[in-house]
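Residue-level listing of the chains:
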Amino acid sequence: MIRFDHLTYRYPGDDSPSLSDLSLEIEEGEFLLVMGPSGAGKSTLLRCLNGLVPHFYGGTLSGHVWVDGREPVVLGPKGMADVVGFVLQDPEAQFVVDQVEDELAFALENQGLDPVIMRKRVEEALDQLNIAALRQRSVSTLSGGERQRVAIAAVMTLQPQVLILDEPTSQLDPQAAEEVLDTLVKLNQDLGLTIILSEHRLERVVQYVDRILYLPGEGQPPLL
Ligand code: ADP
Ligand code: MG
């Protein structure tokens, strides 16, 4: 599903690359945890998968990355949106409209989908994330865990093959974090969705995942 081939990337203005000669394969249906200390390159690695790196950040890149046969470096986030769902650490930053249901429909409206299909996709995503009861709510009234599940539902409406989450539980209390992680396990098992999640605390996530990629940082090679 995903292949990094000797990928090296340096942000503009940085002296050294944030990812060096990274080669890695991730199977379809895998639930992978990307771990490592702050600044080790976890977010950077995730950003390569939907083309935010280099499309949004600039910088210099060599080598290749493929996701489901496509090159995010060539296509950019827009060209990858139907394959890769990307959820930010702070769901707030991701919300566009106020009501939960409208938020879920937003990306679909932009794609000009048939209204009947759109309705169906929104219902499926509400169901998958177990948030049907929240459909009429304003996102500003939701708890942290509810917000994170709405943000995940909003990318699931596009029926991605790969779901990427950058420290999705870092701002949640332990119970909300567990709810979000349980939901991800369900998506992984029920839909065979490939999930890649970064986290700097091992204990919270380790029991849920298939494999761990450890980025030590400081120019050291990654461990799988
Ligand atoms: P992590 O997510 O593991 O904390 P990052 O991927 O955010 O690590 O950062 C990896 C390295 O890239 C760090 O040295 C960081 O300073 C650098 N970096 C991250 N974002 C940028 C940016 N927008 N511009 C320049 N350097 C950046
Ligand atoms: Mg990060």
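Below: a short report on this structure. The structure presented is a predicted model; accordingly, all values stated were derived computationally and were not measured.

Neighbouring ligand 1 are 13 residues, the closest being Asp14, Ser18, Gly39, Lys42 and Thr44. One nitrogen or oxygen atom from the main chain of glycine 39 is found 2.7 Å from an oxygen atom belonging to ligand 1.

Another aspect to go through is the environment of alanine 151. Examined against the element boundaries, alanine 151 turns out to sit in helix H6 (residues 144-156). The sequence separation of alanine 151 and phenylalanine 95 amounts to 56 residues, and the corresponding C-alpha distance is 7.3 Å. With near-sequence residues (within four places) excluded, alanine 151 lies in contact with Val87, Pro91 and Phe95.

Here H6 crosses helix H7 (residues 174-191) at 25°, and the two axes come no closer than 8 Å. Relative to H7, H6 is oriented roughly parallel. Where H6 abuts H7, its residues Gly145, Gln148, Arg149, Ile152 and Met156 lie against Ala176, Glu179, Val180, Thr183, Leu184, Leu187 and Leu191. For the contact of H6 with H7, the class distribution of residues is seven nonpolar, three polar and two charged.

What follows is about helix H5 (residues 115-128). Look at H5: 20 Å from first C-alpha to last across 14 residues, which is about the 20 Å you get at 1.5 Å a residue. Within the sequence span of H5, burial applies to Met118, Arg121, Val122, Ala125, Leu126 and Gln128. The arc enclosing the buried residues of H5, seen along the axis, measures out at 165°, which places them on a common side. Exposed residues lying more than 90 degrees from the buried face of H5 are Val116, Lys120 and Asp127.

A few words on the environment of aspartate 98. Within the secondary structure layout, aspartate 98 lies in the loop between strand E5 (84-87) and helix H4 (100-110). Polar side-chain contacts of aspartate 98 include one of 3.0 Å to the side chain of serine 138.

Taken in spatial order, the five strands of this open sheet run E5-E6-E7-E3-E8, and their pairing is parallel. Each end of this open sheet is capped by a strand with a single partner; those strands are E5 and strand E8 (211-214). Strand-to-strand, the axes of this sheet are offset by a mean angle of 15°, without reference to chain direction. Relative to strand E6 (residues 162-166), E5 runs parallel, the two sharing four bridges.

Definitions and cut-offs
Residues numbered from 1 in each chain as written. Chains lettered and ligands numbered in written order. Predicted model: local features only at pLDDT ≥ 70, side-chain atom pairs only at ≥ 80, totals over all residues. Heavy atoms only, no water. Near = heavy atom within 4 Å. Polar contact = N/O pair within 3.5 Å; in protein donor to acceptor, adjacent residues only side chain to side chain. Helix = DSSP H or I, 4+ residues; strand = E, 2+ residues; numbered from the N terminus. Contact = heavy atoms within 4.5 Å. Axes fitted to C-alpha atoms, helices over the stretch in contact; angles between N-to-C directions. Parallel < 35°, antiparallel > 145°, perpendicular 65-115°, else oblique. Nonpolar A, V, L, I, M, F, W, Y, C, P; charged D, E, K, R; others polar. Expected span 1.5 Å × (residues − 1). Buried < 20%, exposed > 50% of the residue type's maximum accessible area, 1.4 Å probe, protein only. Arc of directions from axis to C-beta. Pairing = 2+ DSSP bridges.

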